[in-house]
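Overview (structure and organization)
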Amino acid sequence: MRLIVVGGVAGGMSAAARARRLDESAEIIVLDKGPYVSFANCGLPYFVGGEIEKQESLLVQTPQRLRAALNLDVRPEHEVTGLDAAARTVTVRSAAGEQQLSYDALILSPGANAIAPPLPGLDSSRVRTLRTVDDAVALKELATDARRAVVLGAGFIGLEAAEALERRGLDVTVIELAPQVLPPLDTGMANLVQDELTRLGMTVRTGVAATEVRGGSDEDTVVLGDGTEIPADLIVLSVGVKPATEIFEAAGVTCERGAILVDEHGRTNLPGVWAVGDATASLDPITGARRPVALAGPANRAGRLVADDIFGHPTARPIPAPVGTAIVRVGELTAAMTGANKRTLTGAGIEHHTVDLHPNQHAGYFPGAAQIALSVHFRANDGLLLGAQAVGIEGVDKRIDVLATAIRAQMSVSDLIDLDLAYSPPYGNAKDPVNLVGMFGQNVLDGTTRLWYAQDLDDVRESALVLDTRSPAEYATGAIPGSLNIAHTELRGRIDEVRAAAAGRPVRTVCASGMRSYIAHRVLTQAGLDSATLSGGMKTLRAWLGSRTREELKEGKSL
Ligand SMILES: Cc1cc2nc3c(=O)[nH]c(=O)nc-3n(C[C@H](O)[C@H](O)[C@H](O)COP(=O)(O)OP(=O)(O)OC[C@H]3O[C@@H](n4cnc5c(N)ncnc54)[C@H](O)[C@@H]3O)c2cc1C
């Protein structure tokens, strides 16, 4: 049996290593067009920023070590340029020339390439991408003498690159065509990340495209659609990736928008050909849509399962559809998400509720307590968990990982109440944020809580009485214009006042983070008023409004 693997990094090398562990007799050849295999693509930004000091640290394995440990025939700088599925051969180009290699089984894990939009000037030597070790070395070198950097694209890798360059002391401007940074996040969460980028000293421009890179002798100039010109010594192009599949598609591998279509075992339409990783389309378990998931975890795991399928391992099983759990550090903040976001759910017509919370990452009385902005979506009819996002200083990874596990286990939001999570004051709360999500969620499902959302602000202001249940001192720092302020502690004695001010309109309650307004909502509901409480309170509202906060809430002005 001869197994050929195209691409020797995440998916490809996982498959090759597993294949060897299953079959000592197989001949396993790994071909990679680059000079390195098994390198830490995810570590590249941290090498650029200087936290990973040595280039060698990025090289997790070498061909020599892979030969010694696993008897793999690893061939760097061997590019596959053709596939003849009928003859079961690949064409390989290397320094030695071109050759045909036959295979019994072929695994394609060629990853993805950086998208280069059709902008004039992208061929400037000051424009760089960040995909390979060589890219990272070149970027680091260029950054040494640079003062100003522009990062085109505020996705996960773009922001990691921006953070790395800021860490090196450069003036960084981030440009994003979408109306927000980190487009997979919900708007409010993304605004928190944007605030952090600004706090770090970066300039962030969203909702605007770069239209040209104008080359110059001392510097380049990035020209934006609105006419802004930004001088730059260094430009990072990070506007997305596309599967590196052209030659395979040309050879008859079925693709959808460039991503290889595979069945649940990673098999392509061609006999004897499997595919994994960034190059493939996977099923979104929440919406049923097919889309590529460019993440290391799913690629590594699929590689292992594809090897199981090829070698007929007794526990071979279908590749689970990845929920797309992702995390990024931006300055002091961590932002993470799992499952679907609100846009995706709305687009797919999935009726859902969202709970927004701001719990501390650990006991409030223990030094260093800080809030996490946590947002969880669940199906309206039965509470099935659909997606979660979190932004905070600490404890974000742990909560998103628990929620990712719960989504995978197809739990409902109410199931979260009963999760027995580790607690002592430095680590969590007796009611962990995840348990709180469960309690809030169950209240929403059974009607104990009725929510209104930040995005309903205009409608609510037009049609309802907004009752702000914070203290007068908090209210004075900024509030929804036209709202009535009665602290929740006084509400029981002043219900007639609320009824009179509402004059038959519904009452929509507000507080700082949603707890006091929830109590008020319960008081009002039991007094016979039509009431709902703002999910996540003013914190979520401010995050959602972003740069419009001052204007919309008349912050700092008397009402
Ligand atoms: C800067 C950066 C940071 C990232 N950070 C994270 C992170 O923090 N978390 C996360 O989950 N994911 C992260 N990712 C994404 C993650 O690295 C990828 O999802 C993962 O590596 C995909 O694995 P793969 O096997 O599909 O492709 P890759 O690991 O990209 O490997 C593909 C290999 O195939 C080779 N190849 C392509 N075409 C051919 C050909 N025709 N012939 C021979 N060889 C070929 C390429 O040279 C490449 O080495 C990051 C990626 C980058 C670039």
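Residues numbered from 1 in each chain as written. Predicted model: local features only at pLDDT ≥ 70, side-chain atom pairs only at ≥ 80, totals over all residues. Heavy atoms only, no water.

Take the overall build of the protein next. Secondary structure assignment for the protein yields 17 helices and 32 strands. Relative to a compact globule of 559 residues, whose C-alpha radius of gyration would be 24 Å, the protein shows 27 Å and is just as compact. Taken along its principal axes, the extent of the C-alpha atoms in the protein is 90 × 60 × 40 Å. Buried positions account for 52% of the 559 residues belonging to the protein. When contacts within the protein are restricted to residue pairs at least 6 apart in sequence, those whose partners lie at least 24 apart make up 62%. As presented, the protein carries roughly 23900 Å² of accessible surface, and 50% of it is formed by carbon and sulfur atoms. For the protein, the separation between the mean place of its 54 positive charges and that of its 67 negative charges on side chains is 3 Å. (Helix = DSSP H or I, 4+ residues; strand = E, 2+ residues; numbered from the N terminus. Rg over C-alpha atoms; globule rule 2.2 N^0.38 Å. Buried < 20%, exposed > 50% of the residue type's maximum accessible area, 1.4 Å probe, protein only. Contact = heavy atoms within 4.5 Å. Areas by Shrake-Rupley, 256 points an atom, 1.4 Å probe, with all protein chains shown as cover. Lys, Arg positive; Asp, Glu negative; His and termini not counted. Charge placed at Lys NZ, Arg CZ, Asp CG, Glu CD.)

Okay, the environment of Ser535 next. Residue placement: Ser535 occurs in the loop between strand E32 (531-534) and helix H16 (537-545). Distance from Ser535 to Asp284, taken between C-alpha atoms, is 27 Å for residues 251 residues apart in sequence. In contact with Ser535, not counting residues within four places along its chain, are Thr354, Val355, Asp356, Leu451, Trp452, Tyr453 and Thr540.

With that settled, consider the nonpolar core. Within soluble globular proteins, side chains that are nonpolar tend to cluster in buried spots. Core analysis: the biggest nonpolar cluster contains 41 residues, and Leu159, Leu165, Leu170, Val172, Leu185, Val193 and Leu234 have the highest contact counts within it. It is helix H5 (residues 156-167) that contributes the most residues to this core, 5 residues altogether. Residues within four places of Val193 in sequence aside, it is in contact with Leu159, Val181, Leu182, Leu185, Val330, Ala335 and Val391. In terms of nonpolar packing, the next biggest core, distinct from the first, is built from 30 residues, Ile350, Leu357, Ala388 and Ala390 among them. (Core = buried A, V, L, I, M, F, W, Y, C linked by side-chain atoms within 4.5 Å.)

Attention shifts here to the sheet that holds strand E1 (residues 2-6). Strand order in the open sheet made by the 5 strands is E3-E2-E1-E7-E20, with parallel pairing throughout. Whereas interior strands pair on both sides, the edge strands pair on one side only; in this sheet they are strand E3 (73-75) and strand E20 (273-275). For this sheet, the mean angle separating the axes of adjacent strands, direction not counted, is 15°. Sheet analysis places E1 next to strand E2 (residues 27-31), joined by 5 bridges and oriented parallel. Paired with Leu3 across the two strands is Ile28, which belongs to E2. (Pairing = 2+ DSSP bridges. Axes fitted to C-alpha atoms, helices over the stretch in contact; angles between N-to-C directions.)

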